[in-house]
Amino acid sequence: MARAASRAGSAAYVLHSHDWSESSLILELFTRDHGRVVAVAKGAKRPYSQLRPVLLPFQRIIVTFGARRSEDAEVWLVRQAEWAGGPAWPGGSALLPGFYVNELLMRLMVRHDPHPALFDAYAQTLQAMADPALLPAALRAFELHLLRQLGHLPDLAAETVSGLPVASGEAYALHPELGVQAQPGGADPGAGPLTVAGAVLLDIEAALASVATPSRALTSPLDETGGMQPSVIPALMAACIPALSELKVITRSLIHYHLGSQTLRTRALMLELQQP
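Notes on the structure follow. Model, not experiment: these values are computed from the prediction.

1. Notes on the packing of aromatic side chains
No. 1: Counting across every chain of the model gives seven aromatic pairs.
No. 2: Between the aromatic rings of tyrosine 13 and phenylalanine 119, the centroid separation amounts to 5.4 Å while the plane-to-plane angle is 45 degrees, which identifies the pairing as tilted. Separated by 106 residues along the polypeptide, tyrosine 13 in strand 1 (residues 10-19) and phenylalanine 119 in helix 2 (residues 116-129) bring together distant segments of the chain.
No. 3: Taking relative accessible area as the criterion, tyrosine 13 reaches 5% and is therefore assigned buried.
No. 4: Plain terms: the ring middles of tyrosine 122 and phenylalanine 142 are 6.2 Å apart, the flat faces sit at 65 degrees to each other, and that makes the pair edge-to-face. One end of the pair, tyrosine 122, is in helix 2; the other, phenylalanine 142, is in helix 3 (residues 135-149), with 20 residues separating them in the sequence. Residues tyrosine 122 and phenylalanine 142 agree in their burial class; the two are buried.
No. 5: Here a set of aromatic residues connected by ring pairs shows up, and it is made of Tyr13, Phe30, Phe119, Tyr122 and Phe142.

2. Structural notes on the side chain of threonine 31
No. 1: Within the secondary structure, threonine 31 sits in strand 2 (residues 25-31).
No. 2: On the accessibility criterion, threonine 31 (0% relative accessible area) is buried.
No. 3: Looking at threonine 31, its side chain comes within polar contact range of the main-chain nitrogen of histidine 34, at 2.9 Å.
No. 4: Those residues in contact with threonine 31, other than ones at most four positions away along the chain, are Ser10, Ala11, Ala12, Val37, Phe65 and Phe119.

Reading the values: rules and limits
Residues numbered from 1 in each chain as written. Predicted model: local features only at pLDDT ≥ 70, side-chain atom pairs only at ≥ 80, totals over all residues. Heavy atoms only, no water. Phe/Tyr/Trp six-rings, centres within 6.5 Å; stacked < 30°, edge-to-face > 60°. Helix = DSSP H or I, 4+ residues; strand = E, 2+ residues; numbered from the N terminus. Buried < 20%, exposed > 50% of the residue type's maximum accessible area, 1.4 Å probe, protein only. Polar contact = N/O pair within 3.5 Å; in protein donor to acceptor, adjacent residues only side chain to side chain. Contact = heavy atoms within 4.5 Å.

Below is the structure:
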């Protein structure tokens, strides 16, 4: 069978890596043009390999893939990778939450399904997480954006079953199956499911709706700005701040529902270490 042609360089992040041999790595990559990709980096563990200092989590890279034997090949070959520039990620208190975000992408995204807007939001989230004061809001914003991009979050401006518009002064629950539901007793703790104010839902929906679908072909080169979408994460963070504690419970419930029986290892570790 004829080999598929190699592809032009694509912006990417390393989500996870593990040993494939004494000198090579298997990578989970999140690319802007191809979505989530599993690839092998031959020789990346060698002491003098040019790939070794590049294939690290949380830094933007440009990766070029080698020719593949067929278009449906599950594992791709990294032919070249180079740092794409930008500030170094500080890690620290954001390190485990950063790996939590990476695990969400690996568990919820299918392979080879491009989501350019989600890729850009991931980059914006990493920048925001560098400030400890912004970390909780950045996580909630990314969780909501991820759920919307993958089709798991309903329109927050209307009740899902009745279609009635959400009222800013009312309380609402967000159910994994039933969507947005009005909760007249929401102001009374213990009266029903955890609720959030309609005004918060409307602000979140307005921020999510600002994300435009890119018109350019996914395989076209990045422009001078990297082809990034408008900054949705800052707007989402601002919308989330009035209800961070409620949204934390709600988004985790939605994520748990769509993960099914899968357990997030990073989340379990964060709970053990009692990190926010």
